[in-house]
Every structure is written in C-alpha cells, then in structure tokens.
Amino acid sequence: MIRVLLIAFAYFFVHAVSDILLRQGHVVPLAEIESGIWLSVFLLNSRRLWPQLALALFVGGVCAEMLWSDKFFWTVIGHLLGHAFVAFAIVCLINNRCIRWGDSESSEDSLAQVRFNRSREVMALIVGAFFVNALGAFIVAATAMFTEGVQFTKTWSYWFGANGVGILVIAPIIVIWIDIKENFHYIKDNRRRLLELLA
C-alpha cells in the first residue's frame, strides 16, 4: 500500500508541475511525461498491483488536473482513460501472454525482465507508440471534442505526437534506470542500451 501511495503522490506531483508550467506559458511540452509513467509503472510492478496502481494514477491525475488546469472534468477522464488504455495495450504487446490471467507467474517474471534490450521489446514499443497510441489519441480527442468543443484533428495530432515521444523516450528511461542502485555494475551497459534506443 505504501508503494502505491508513493507512486500516486509522485504522479500527482509531476502532473501538477506540468500543468502549472503549461498554464503559465513557461514551457511547450515535447512529450507527455505522464504516458511514460503509466507504462513504466505497469512494467515495473506485479500484475496483482495493477488495479490499485491504475486507480492511484487515475485519482492522482484527476486531482492534479482539477486543481491546476482549466479542463472540464470529463475531458480529464478521457485524457486519463487514453493513458490507461495505451499503457495496458503496450504491455500486452511486449508480453503477449499478459492477457492470460491464469498464467500470471510466468507473465510477471517476463515483464520484470523487460529492459528494452531485446528486439521484440523495442519493436513492440515502437508499434505501440504508433498504432495503439493512435487509438488512445482518438479517445482523448473525441472526449475533448464533445466536452469542450475543440477541434478533433488538432487535438488528436498533438496528443498522438506528444504521447508517442513520452512512450518512446520517458518510459525506457524510467525502466532502464529505476534499478541502478540494485544493479550498479550494469550502469555502463544500461547507458549503452539507452543510447542505442534513443539513436
């Protein structure tokens, strides 16, 4: 439970800082950092914790958006549903057995080893960033169009691009470096993998 609460607080903090900076016009986002957080949280934690983690991220995101952004409530819900859908679908692409709920032990062992150092994992990430992310962007843009009357194509293209960068850059960075203290002797190897992925 403490782990879930810490993740929720961290997500709330990142979301809040991002919303505050955007509202004040200080930064133009090149990536949806939140998308990388959703994906890395699913990859780095036991599947038994996914419902709790998803709820924690959802509540943290809603609170941050409601406090510091000017979006409507249902727009925020659609935004977070897009993140949840994309993250879960990409995890299933990375490990195609993850939807077999009866085979939880082997699936969790496989997910725990994901460090994007295998071609299948990298290809799954790329496919997810394009095709799955396109569906997630549709959810977000359609919700925003109906709740706030914004232009669908503009919202879709913005979210698709920013979220795609977040998936391809932020998630691998978090996943690769999260266990540096536990695997300090692999730092050089991890750095090489990260640079290869970014290249």
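Residues numbered from 1 in each chain as written. Predicted model: local features only at pLDDT ≥ 70, side-chain atom pairs only at ≥ 80, totals over all residues. Heavy atoms only, no water.

Draft legend 1. Examining the pattern of salt bridges more closely. On inspection of all chains with the given rule, the structure shows one salt bridge. One salt bridge connects K71 with E65, and the closest N-O pair in it is separated by 3.4 Å. Take E65: its relative accessible area is 1%, and that puts it in the buried class. (Salt bridge = Lys/Arg side-chain N within 4 Å of Asp/Glu carboxyl O. Buried < 20%, exposed > 50% of the residue type's maximum accessible area, 1.4 Å probe, protein only.)

Draft legend 2. Here's a closer look at the environment of V76. Structurally, the position occupied by V76 is in helix α4 (residues 73-94). For V76, a relative accessible area of 1% gives the class buried. Remark: the alpha-carbon pair of V76 and T143, spanning 67 residues in sequence, is separated by 8.8 Å. In contact with V76, other than residues within four places in its own chain, are G61, V62, E65, M66 and K71. (Helix = DSSP H or I, 4+ residues; strand = E, 2+ residues; numbered from the N terminus. Contact = heavy atoms within 4.5 Å.)

Draft legend 3. Local environment of the nonpolar core. With 39 residues, the main nonpolar core has W38, L39, L43, I90 and F116 as its most contacted residues. Listed by contribution, the elements that provide at least two residues to this core are α1 (2-23), α2 (33-44), α3 (50-68), α4, α6 (119-148) and α7 (152-177). A per-element tally of this core places α4 first, with 10 residues. Each residue touching L39, except ones within four places of it in the same chain, is listed here: A87, I90, V91, L125, I167 and A171. (Core = buried A, V, L, I, M, F, W, Y, C linked by side-chain atoms within 4.5 Å.)

Draft legend 4. Fine view of the packing of α2 against α3. Interhelical geometry of α2 versus α3 gives an angle of 160 degrees and a closest axis separation of 10 Å. Between α2 and α3, the angle is such that the two are roughly antiparallel. Taken as a pair, α2 and α3 cross one another with a handedness that is right-handed. Of α3, the residues touching α2 (which contributes I37, W38, V41 and F42) are W50, L53, A54, L57 and F58. When the residues that make up the contact of α2 with α3 are grouped by side-chain class, the tally is nine nonpolar, no polar and no charged. (Axes fitted to C-alpha atoms, helices over the stretch in contact; angles between N-to-C directions. Parallel < 35°, antiparallel > 145°, perpendicular 65-115°, else oblique. Left-handed = near helix turned anticlockwise from the far one by under 90°. Nonpolar A, V, L, I, M, F, W, Y, C, P; charged D, E, K, R; others polar.)

Draft legend 5. The arrangement of a nonpolar patch on the surface in detail. On the surface, L93, M123, I126, V127, F130 and F131 cluster together to form a nonpolar patch covering roughly 560 Å² of accessible area. Looking at the nonpolar patch, the element that brings in the most residues is α6, giving five residues. A residue is classified by how much of its surface remains accessible, and M123, at 49% relative accessible area, is partly exposed. (Patch = residues over 30% accessible without salt bridge, like charges linked within 9 Å, V, L, I, M, F, W, Y side chains within 5 Å. Areas by Shrake-Rupley, 256 points an atom, 1.4 Å probe, with all protein chains shown as cover.)

Draft legend 6. Geometry of α2. Helix length check: α2 (12 residues) gives 16 Å between terminal C-alpha atoms against 16 Å at 1.5 Å per residue, within 8%. With 10 of 12 residues buried, α2 is to be regarded as a mostly interior element. Residues E34, S35, G36, I37, W38, L39, S40, V41, F42 and L43 constitute the buried set of α2. (Expected span 1.5 Å × (residues − 1).)

Draft legend 7. Looking closely at α7. Counted at 1.5 Å a residue, the expected span for α7 with its 26 residues is 38 Å, and the 36 Å between its end C-alpha atoms agrees. Roughly 30 degrees is the biggest bend found in α7, and it falls at I167. (Bend = angle between axes of the 7 residues up to and from the residue.)

Draft legend 8. Layout of the environment of A87. For A87, the position within the fold is in helix α4. Given the relative accessible area of 3%, A87 is considered buried. Distance from A87 to N133, taken between C-alpha atoms, is 9.0 Å for residues 46 residues apart in sequence. Not counting chain neighbours up to four residues away, the residues in contact with A87 comprise W38, L39 and F42.

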